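Spelled out from the first residue to the last, the chains are:
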Amino acid sequence: MNSPKYAELGAFLRSRRDRIRPTDVGLPHGPRRRVPGLRRDEVAQLTGASVEYYTELERGAGAQPSEQMLAALSRALRLSGDERDHLYHLANRPVPVQGGAASHVHPGMLNLLDRLDGTPAQVITDLHVTLVQNPLAVALTGDQSGLRGMGASLVYRWFTDPAARDLYPREDHDAQGRVLAADLRAAAARRDTADTEAAAMVDALLAESAEFAEVWAEHDVAFRRNDRKRLVHPVLGLLEVDCLNLFSEDGRQRLLWFTPTAGTDTADKLELLGVLGTQDLTADRT
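We now turn to the structure provided with this report. (Residues numbered from 1 in each chain as written. Predicted model: local features only at pLDDT ≥ 70, side-chain atom pairs only at ≥ 80, totals over all residues. Heavy atoms only, no water.)

1. Observations regarding unusual backbone geometry
Okay, so step 1: Although it is not a glycine, arginine 78 sits at a positive phi angle of roughly 55°.
Okay, so step 2: Topologically, arginine 78 is positioned in the loop between helix H4 (67–76) and helix H5 (81–90).
Okay, so step 3: You will see that histidine 128, though not glycine, has its phi angle at about 65°, which is positive.
Okay, so step 4: Tracing the backbone shows histidine 128 in the loop between strand S1 (121–125) and strand S2 (130–133). (Helix = DSSP H or I, 4+ residues; strand = E, 2+ residues; numbered from the N terminus.)

Have a look at this one:
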């Protein structure tokens, strides 16, 4: 990866890294910092890359970064929409369409997510594609960072993959499916007519799931703003949580966080969840 364009990519990454303070991304400042911004190892930590790999990127060398790595860099460095697009252009990668798993997350939502370190929280799209999760959300609902295509959407998985329902008690499945279908209808109607992503998902679900077709024919429509649900954790058992949503201005993204339902033992269980972490308990969950 040696060219003037890739050298510019490295310079751009360095300039963005220098302006971010550790506290901006939930990292301790520490008493002995030689640079005001992030260190290379901290960017590597935030993106899941090795220090050697990230160092090569800043040198304008090494392999062409993947779209997934570019998305992770955009989030770690709190890039604006224009900066994110510029990064993809410098890396000779197509700019992702809004709504997919590599969608740009608004820096303001990431800042809020960083401050919700005591409760499970994640940023999702209007089609229920998870863009980023905090550690407690991973421990509660499973790591969703590796999902791609339509399968990245919980709505699509709910009606096509039985394993997607393992997180919910069986007696709640019917209600959960209806809520997801109604939310999908609201999101699809809100999107621009030139946007085919939601329509393609609806068509695929109608073809693949008789249950979805039956629920879809009822024409229920409602954005999922606040909800109360029950979740089943493999170690902690049943948790009762209130789900709260903060919508972006265009409605395409939501900050979703879970709080314990009053009068239940879920608060204690969520504290224990922070101690347990993932511990490979959610490796096979969606």
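So much for the structure itself; the text now carries on.
2. With respect to the side chain of arginine 84
Okay, so step 1: By the secondary structure assignment, arginine 84 is in helix H5.
Okay, so step 2: Note on arginine 84: relative accessible area 7%, which makes it buried.
Okay, so step 3: Within polar-contact distance, the side chain of arginine 84 engages the side chain of aspartate 85 at 2.9 Å. (Buried < 20%, exposed > 50% of the residue type's maximum accessible area, 1.4 Å probe, protein only. Polar contact = N/O pair within 3.5 Å; in protein donor to acceptor, adjacent residues only side chain to side chain.)

3. Side note on the nonpolar core
Okay, so step 1: In terms of nonpolar packing, the biggest core is built from 36 residues, with Leu184, Leu205, Phe212, Leu231, Phe258 and Leu273 touching the most fellow members.
Okay, so step 2: Those elements giving two or more residues to this core turn out to be helix H7 (135–141), helix H8 (154–160), helix H9 (173–190), helix H10 (197–208), helix H11 (210–216), strand S4 (237–247), strand S5 (253–260) and helix H12 (266–276).
Okay, so step 3: Here leucine 273 is in contact with Leu136, Ala139, Leu140, His233 and Leu236, once residues within four sequence places are set aside.
Okay, so step 4: With 22 residues, the next largest nonpolar core counts Leu38, Ala71, Leu79 and Leu90 among its residues. (Core = buried A, V, L, I, M, F, W, Y, C linked by side-chain atoms within 4.5 Å. Contact = heavy atoms within 4.5 Å.)

4. Description of the pattern of salt bridges
Okay, so step 1: Inspection of every chain in the model, using the stated rule, returns 21 salt bridges.
Okay, so step 2: For aspartate 41, the salt bridge identified is with arginine 39, shortest N-O distance 3.0 Å.
Okay, so step 3: By relative accessible area, arginine 39 is classed as partly exposed at 34%.
Okay, so step 4: When the shortest N-O distance is used, the salt bridge between arginine 59 and glutamate 56 registers 2.3 Å.
Okay, so step 5: On the basis of relative accessibility, which here comes to 58%, the residue arginine 59 falls in the exposed class. (Salt bridge = Lys/Arg side-chain N within 4 Å of Asp/Glu carboxyl O.)

5. Structural notes on the side chain of lysine 269
Okay, so step 1: Tracing the sequence through the fold places lysine 269 in helix H12.
Okay, so step 2: For lysine 269, a relative accessible area of 17% corresponds to the buried category.
Okay, so step 3: Look past the residues within four positions of lysine 269 in its chain and what remains in contact with it is Leu236, Gly237, Leu238 and Leu239.

6. Some words on the packing of aromatic side chains
Okay, so step 1: A complete count under the given rule lists four aromatic pairs for this structure.
Okay, so step 2: Summarising the aromatic geometry, the rings of phenylalanine 159 and phenylalanine 212 are spaced 5.1 Å apart at their centres and angled 70° between planes, so their arrangement reads as edge-to-face. Pair noted here: phenylalanine 159 is in helix H8 and phenylalanine 212 is in helix H11, with a separation of 53 residues, a long-range link.
Okay, so step 3: For phenylalanine 159, a relative accessible area of 8% gives the class buried. (Phe/Tyr/Trp six-rings, centres within 6.5 Å; stacked < 30°, edge-to-face > 60°.)

7. Let's talk about H12
Okay, so step 1: Taken together, the buried positions of H12 are occupied by Thr266, Lys269, Leu270, Leu273 and Leu276. Seen along its axis, H12 keeps its buried residues to an arc of 115°; they face one direction. Projecting away from the buried face of H12 at angles above 90 degrees are the exposed residues Asp268, Glu271 and Val275.
Okay, so step 2: At its buried positions, H12 is contacted by H7, strand S3 (226–233), S4 and S5. (Arc of directions from axis to C-beta.)

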